[in-house]
Amino acid sequence: MVVFTYDNTFDGLLSCVFFAYEQRKFPDLILSESDQKPLFIDEQYHVDTEKEKSNRVWKGLGKKISKFARNMLLSVWLSELPETTMLLFRYIRKNIDHPQGIEMNFGDDDVLRVKDIAQKVGADARKLIQFVRFQETADGIWFAPVSPRYNVLSLIVPHFTSRYAGQPWIIYDTERNTGLYYDMRTVQEITFSQKDLVELKSGRLDNEKLSDEEAFFQKMWKEYFQRITVKERINLKLQRQHMPRRYWKYLPEIQ
Amino acid sequence: MNEKTLEKLQILADAAKYDVSCASSGTSRGNVKGGIGTATGWGICHSFTPDGRCISLFKILLTNHCIYDCAYCGNRRSNDVKRAAFTAEELAELTIEFYRRNYIEGLFLSSGVMRNPDYTMERMVRVVKLLREVHRFNGYIHMKTIPGASSELIAQAGVLVDRMSVNLEIPSEQNLKLLAPEKDYPSVFAPMRFIQQGMLESAEDRKKFRSAPKFVPAGQSTQVIIGATPDNDKQILSLASALYKRPSFKRVYYSGYIPVNSGDSRLPVLSKPPLVRENRLYQADWLMRFYEFKAGELVDDSHPDLDLDVDPKMGWALRHPEFFPVDVNTAPYEMILRVPGIGVKSAKLIVTSRRYGRLNSEQLKKIGVVMKRAQYFIACRELPMQTVNELTPQYVRRQVSQKQKKAAAELLQYPIDWGE
Ligand code: SF4
């Protein structure tokens, strides 16, 4: 069995592709250094991440597949699913080896799987755009805790910076303990301490941390949510289908 | 804002809830400097109420006072209900506060008729003016026009809002007159025509001057109530298909009748709203808009009502076994689209993928074809020839109808505008 190890970054993965073609060695498995290694390894290579090489692979791929397909690969990467490393490697290899590329061949398992995962990641990002709830804090920052299935925070930045250009906000992934802070000019990554995180996970900030009006508007919204419901048509299954329970955690209307 | 506003919200949300439309699609717009909000082009639902309906827009009435007396409406003047009215400032501010918290995509403003149509419409225009000009709000606004309002006011509103609607409510004029004596079809069709004219003129102007204002850029929509009158599906779908032929028309909404006023002999007594029928109408509407079906193919004089047991596409296929089987590896896209169990997405994937080699049934399944339904209508090499022709339409109908009935009752395809 041929095993590559790499630094678990997207550029690292592209460097693995470069390395494979350069050495004519194709891995059965690509692992990050900290991963548990299998028992029977015939050959093991560590691949260094080199931006220049990964760029060449990425550019070369651009000649075979569309921009849309390349974006799908990035989305698949954000899924962080264990299968992604090898899936992306195989997908890229198949496209390099085929004279015209196979982006449209959905009869191929890997092409179909890349599309499926990319769609799931896209759907997760859309769900976030739907279900993010900001609370106005006492210091004027609009704060939203979230817990998306995939690591999609980076995908929703353009939507929120343009929509709420004039209000500073934080969208915080409480599962991955990482967030984005927009100060009305740029967006930067932030991390809270473990102690703060405990409070965040409850979804409710302490009252003294919230603005004076926040509780009132949450109450108005909850009331609206109840009043706009048509009792003669109650259909909880349909509600859950469109708004799966995993997104309910931070919705004030459902608390 | 205080407890008083809360009480108004309770009354006026309650009074607005039966209007179905909530779509926020059809306009794409970036923010402006110093402003708040964008329109994304795809309808974003921000929440789903326990009835499974989407909250995209803040759907609210300006007031539930009304001088009219429509039999099917809870706000009619002869009802003894609590009345309330927002001030324009209050409603604009509340919209902004909801919007800032990402609760909504924008506002869907409707109203009962206070004093007279123009008086009401003028106040509605004030709300959207405040939003656009004072709050510099760039999110989505849908306004339901007031029957009988002057065209000057519609023209003023048209350059401020994204979508306008004029509700037909009742699918035939004689029944509308029976139930809403103060209304008639001209009072509905005249503003519809006016809105369309405004849209077409603005499109012309914008060819000459890029800065000319857009007029109702997301088009217009309407709503019809289903089951309050004996009007059949043929009547309803022909009406819808005539409306869709107009360039300005984006959506027709179907709203299963819910009796809100008891003891009116002009209206039927129903134990439950006709939800399955409503769902079938949405499916038929979908087929007309995205599958190139004509109203006459779905309902005709011998089948004036949609089949409640099977979906309209299946219904058509069972009435036309001679069209099948379709060979997915060679048939043109339009024919593949007619196969029950194959949607627009799968049809497209089939057409692009089959260039790389013949597709087998395993691949079709993975692509998203629902084989349980499609199997009777396609030819595929390794499937035994057990199509609708060998098995007979009656047999296939029995196989699929039980399952579909259950699905239709549970999962009502409500108008969510993903990817419209
Ligand atoms: S005009 Fe509108 S609000 Fe007034 S009674 Fe008729 S449907 Fe109801």
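Residues numbered from 1 in each chain as written. Chains lettered and ligands numbered in written order. Predicted model: local features only at pLDDT ≥ 70, side-chain atom pairs only at ≥ 80, totals over all residues. Heavy atoms only, no water.

Peer 1: Talk me through the packing of aromatic side chains; I want residue IDs and the actual numbers.
Peer 2: How two aromatic rings sit relative to each other is given by the distance of their centres and the angle of their planes. Inspection of every chain in the model, using the stated rule, returns 33 aromatic pairs over all chains. On the numbers, 5.5 Å between centres and 85 degrees between planes, the contact of F293(B) with W316(B) is edge-to-face. Taken as a pair, F293(B) in the loop between α8 (275–290) and α9 (295–298) and W316(B) in helix α10 (residues 312–319) lie far apart in primary sequence, 23 residues in all. Of the two residues, F293(B) and W316(B), both sit in the buried class. Plain terms: the ring middles of W316(B) and F324(B) are 6.2 Å apart, the flat faces sit at 80 degrees to each other, and that makes the pair edge-to-face. Of the two residues examined, W316(B) and F324(B), each falls in the buried class. An aromatic cluster of three or more residues is present, and its members are F134(A), F160(A), Y164(A), W169(A), Y182(A), Y99(B) and F137(B). Between the NZ or CZ atom of R246(A) and the centre of the ring of Y247(A), over which it lies, the distance is 5.6 Å. It is R115(B) that lies over the ring of Y119(B); its NZ or CZ is 4.2 Å from the centre. (Phe/Tyr/Trp six-rings, centres within 6.5 Å; stacked < 30°, edge-to-face > 60°. Helix = DSSP H or I, 4+ residues; strand = E, 2+ residues; numbered from the N terminus. Buried < 20%, exposed > 50% of the residue type's maximum accessible area, 1.4 Å probe, protein only. Lys NZ or Arg CZ within 6 Å of the ring centre and 35° of its normal.)

Peer 1: How would you sum up the sheet that holds strand β3 (residues 43–46) of chain A? Please name residues and give values.
Peer 2: Residue and element names in this part refer to chain A. Strand order in the open sheet formed by three strands is β2-β1-β3, and the pairing between neighbours is parallel. Two strands close off the open sheet at either side, each with one partner strand: β2 (29–32) and β3. Across the sheet, the mean angle from the axis of one strand to that of its neighbour is 25 degrees, orientation sign disregarded. Relative to β3, strand β1 (residues 2–6) is paired through four bridges, and the arrangement is parallel. (Pairing = 2+ DSSP bridges. Axes fitted to C-alpha atoms, helices over the stretch in contact; angles between N-to-C directions.)

Peer 1: Describe in detail the site of the ligand, supporting the description with residues and values.
Peer 2: In the vicinity of the ligand, the contacting residues are C66(B), Y68(B), C70(B), C73(B), R76(B), G112(B) and K183(B). For the shell around the ligand, a count of residues per class yields four nonpolar, one polar and two charged. (Near = heavy atom within 4 Å. Nonpolar A, V, L, I, M, F, W, Y, C, P; charged D, E, K, R; others polar.)

Peer 1: How would you explain the pairing of strand β7 (residues 140–144) of chain B if you had to name every residue and give the values?
Peer 2: All names here are of chain B. For β7, the tally of buried residues reaches five of five residues, placing the bulk of the element in the interior. What you see with β7 is no split at all: Y140, H142 and K144 on one side and I141 and M143 on the other are buried throughout. In this structure, strand β6 (residues 106–110) lies alongside β7, joined through four bridges in parallel fashion. Bridging from a neighbouring strand, F108 pairs with H142 of β7. Viewed along the sheet, the connection from β6 through helix α3 (residues 117–134) into β7 turns out right-handed. The pairing of β7 with strand β8 (residues 163–165) spans three bridges and is parallel. Looking at β8, one finds that K144 is bridged to S165. Of the crossover connections in this fold, the one passing from β7 over helix α4 (residues 151–158) to the parallel β8 is right-handed. (Right-handed = clockwise from strand over helix to strand, strands pointing away.)

Peer 1: Explain the layout of surface pockets to me, and be specific about the residues and the numbers.
Peer 2: Residue and element names in this part refer to chain B. Roughly 1,000 Å³ of internal volume is contained in the second largest pocket. Elements with a minimum of two residues in the lining of the second largest pocket: α1 (3–14), β5 (57–61), α6 (185–208), β9 (220–226) and β10 (249–256). Considering each element in turn, the lining of the second largest pocket owes the most residues, three residues, to α1. (1 Å grid on protein atoms, 1.4 Å probe; cavity = no way out; pocket = protein on both sides within 12 Å on 5 of 7 lines; lining within 4 Å. Points joined across faces, edges and corners; volume = space filled by probe spheres on them.)

Peer 1: Mind laying out the interface of chain A and chain B, listing which residues take part and the relevant values?
Peer 2: On the side of chain B, 62 residues touch chain A, which itself brings 53 residues to the contact. Considering only the side of chain A, the residues that lose the most area to chain B are R163(A), Y224(A) and R233(A), jointly responsible for 16% of the buried surface there. Remark: the boundary between chain A and chain B carries seven salt bridges. A salt bridge links R227(A) to D14(B); its shortest N-O distance comes to 3.2 Å. One can count 31 residue pairs in polar contact (both at pLDDT 80 or more) joining chain A with chain B. At the level of secondary structure, the elements contributing two or more residues to the side of chain A that touches chain B comprise α5 (109–131), α6 (153–163), α8 (214–227) and α9 (236–242) of chain A. Considering every element that reaches the side of chain A that touches chain B, the biggest residue donor is α8(A), with eleven residues. The residue inventory of the side of chain A that touches chain B, partitioned by class, reads 25 nonpolar, 13 polar and 15 charged. (Contact = heavy atoms within 4.5 Å. Buried area = accessible area lost by both parts, 1.4 Å probe. Salt bridge = Lys/Arg side-chain N within 4 Å of Asp/Glu carboxyl O. Polar contact = N/O pair within 3.5 Å; in protein donor to acceptor, adjacent residues only side chain to side chain.)

Peer 1: Outline empty space enclosed by the protein, listing residues and values.
Peer 2: All names here are of chain A. Counted under the stated rule, the structure contains five cavities of 30 Å³ or more. The calculated volume of the largest cavity comes to roughly 110 Å³. Along its surface, the largest cavity is lined by 13 residues, and Q135, G203, R204, Y250 and P252 are the ones closest to its centre. A per-class count over the lining of the largest cavity returns five nonpolar, five polar and three charged.

Peer 1: Tell me about the confidence of the model for chain B, residues and numbers included.
Peer 2: Residue and element names in this part refer to chain B. On average, residues of chain B score 90 in pLDDT, and 95% of them are at 70 or above. Between residues 412–420, whose pLDDT stays under 50, and residues either more than four places distant or in other chains, the model counts 35 contacts. Here the prediction assigns the complex a pTM of 0.90, and the interface score ipTM is 0.91. (pLDDT = per-residue confidence, 0-100.)

Peer 1: If you had to explain helix α4 (residues 84–97) of chain A to someone new, which residues and values would you point to?
Peer 2: Residue and element names in this part refer to chain A. The end-to-end C-alpha separation of α4 is 20 Å, in line with the 20 Å expected for 14 residues at 1.5 Å each. For α4, every residue scored as buried is listed here: T84, T85, M86, L87, L88, F89, Y91, I92 and N95. For α4, the elements touching its buried residues are β1, α1 (10–23), β2, α2 (51–64), α3 (67–79) and α5. (Expected span 1.5 Å × (residues − 1).)

Peer 1: Could you give an account of the environment of S151(B), with specific residues and numbers?
Peer 2: Residue and element names in this part refer to chain B. Mapping S151 onto the fold places it in helix α4. We classify S151 as partly exposed; its relative accessible area is 31%. Taking the C-alpha atoms as reference points, S151 and P191, separated by 40 residues in sequence, lie 7.3 Å from one another.

Peer 1: Talk me through the sheet that holds strand β4 (residues 135–136) of chain A; I want residue IDs and the actual numbers.
Peer 2: All names here are of chain A. Spatially, β4-β5-β6-β7-β8 is the arrangement adopted by the five strands of the open sheet, whose pairing is mixed. The two strands at the open ends of the sheet, each matched to only one other strand, are β4 and β8 (187–190). Relative to strand β5 (residues 142–146), β4 runs antiparallel, the two being bridged by two bridges. Residue pairing across strands places Q135 opposite F143, the latter belonging to β5. Against the sheet, α6 contacts β5, β6 (169–173), β7 (178–182) and β8, and its axis sits at roughly 160 degrees relative to β6.

Peer 1: Explain the packing of α4(A) against α5(A) residue by residue, including any values.
Peer 2: Residue and element names in this part refer to chain A. The interhelical angle for the contact between α4 and α5, taken along N-to-C directions, is 125 degrees, at an axis separation of 10 Å. Of the possible angle classes, the one that applies to α4 and α5 is oblique. Once α4 is placed against α5, the crossing between them reads as left-handed. The segment α4 lies against α5, with L87, R90, Y91 and K94 engaging D110, V111, R113, V114 and I117. Residues that form the contact of α4 with α5 fall into these classes: five nonpolar, no polar and four charged. (Parallel < 35°, antiparallel > 145°, perpendicular 65-115°, else oblique. Left-handed = near helix turned anticlockwise from the far one by under 90°.)

Peer 1: Explain the packing of α1(A) against α4(A) residue by residue, including any values.
Peer 2: All names here are of chain A. Two elements in contact, α1 and α4, have axes whose closest approach is 11 Å; the angle formed by their N-to-C orientations is 45 degrees. Relative to α4, the element α1 is oriented oblique. Crossing angle aside, the handedness with which α1 passes α4 is right-handed. Mapping the contact onto sequence places F10, L13, L14, C16, V17, A20 and Y21 in α1 and T85, L88, F89, I92, R93, I96 and D97 in α4. For the contact of α1 with α4, the per-class residue count stands at eleven nonpolar, one polar and two charged.

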